[in-house]
Amino acid sequence: MGLSACDAQAERWRKVSVLPMHIVPDSVLRERAKRVSNISPSIQKLIDDMIETMRDSHGVGLAANQVGVLQRVIVIQLPDDEEPRVFINPELIKQEGERDVEEGCLSIPGYRGLVKRSVKVKAKGLDRKGKAVRVNADELLAQALEHEIDHLNGTLYIDRLVDRTKLWKEEAEEAPQNQEEREETPVEAQYTG
Ligand SMILES: [Zn+2]
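Notes on the structure follow. (Residues numbered from 1 in each chain as written. Predicted model: local features only at pLDDT ≥ 70, side-chain atom pairs only at ≥ 80, totals over all residues.)

### As for the environment of Arg55
With respect to the secondary-structure elements, Arg55 resides in helix α2 (residues 41-56). The exposure class of Arg55 is partly exposed, given the 14 C-beta atoms found within 10 Å. Sequence spacing of Arg55 and Gln77 is 22 residues, and the spatial spacing of their C-alpha atoms is 8.5 Å. (Helix = DSSP H or I, 4+ residues; strand = E, 2+ residues; numbered from the N terminus. Buried ≥ 20, exposed ≤ 12 C-beta atoms within 10 Å, placed from the backbone.)

Below, the structure written as structure tokens:
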């Protein structure tokens, strides 16, 4: 007995893989990802693999550049989300306010920094079925959308540091200058993506 070509392909799509994470200074992190013009089975597979990779790395979000693919796809799963959020060709259409928040990136392992982010954002894009979606976001979701859409444009959070001294090694023995601020941020509200 054997699987038909079609079954074999369906079987392959169902297999989900954790993809290798691309880390700095990999040039793929500095390139602009291309718009997805066709939400093909290979894009669906990419989405599934990205979700698996994000969970495996304990990230809140992930952009396709981070797994070496220059397509405009991001996935986000906040601590309270039951299902991951998928955005294809996401765009920020409004950014309001300014705040300093702590952030980490799966592509810059071992470091965290204090960055400037918006208080509220509006974004639009497509879901994995190709349906247009719009989202009004604040707090962690706003930060996630800004961080991940930045990735698609080749921008990293280290480009947005409040100042250059506001980057520190995780679990550094020496407390960073903003230790008090950090202690006010509950762990579940800290961003890595
Ligand atoms: Zn990142």
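### Digging into the sheet that holds strand β3 (residues 85-96)
The strand order across the open sheet formed by five strands is β1-β2-β3-β6-β7, and the pairing between neighbours is antiparallel. For this open sheet the edge positions go to β1 (61-63) and β7 (132-138), each flanked by a neighbour on one side alone. Direction aside, neighbouring strands of the sheet carry axes that sit 35° apart on average. Looking at chain direction, β1 and strand β2 (residues 73-76) are connected through three bridges and run antiparallel. Residue Leu62 lies in a different strand from β2, and its bridge partner there is Val75. Across the sheet, α2 is in contact with β1, β2 and β3; its angle to β2 comes to roughly 40°. (Pairing = 2+ DSSP bridges. Axes fitted to C-alpha atoms, helices over the stretch in contact; angles between N-to-C directions. Contact = placed C-beta atoms within 7 Å.)

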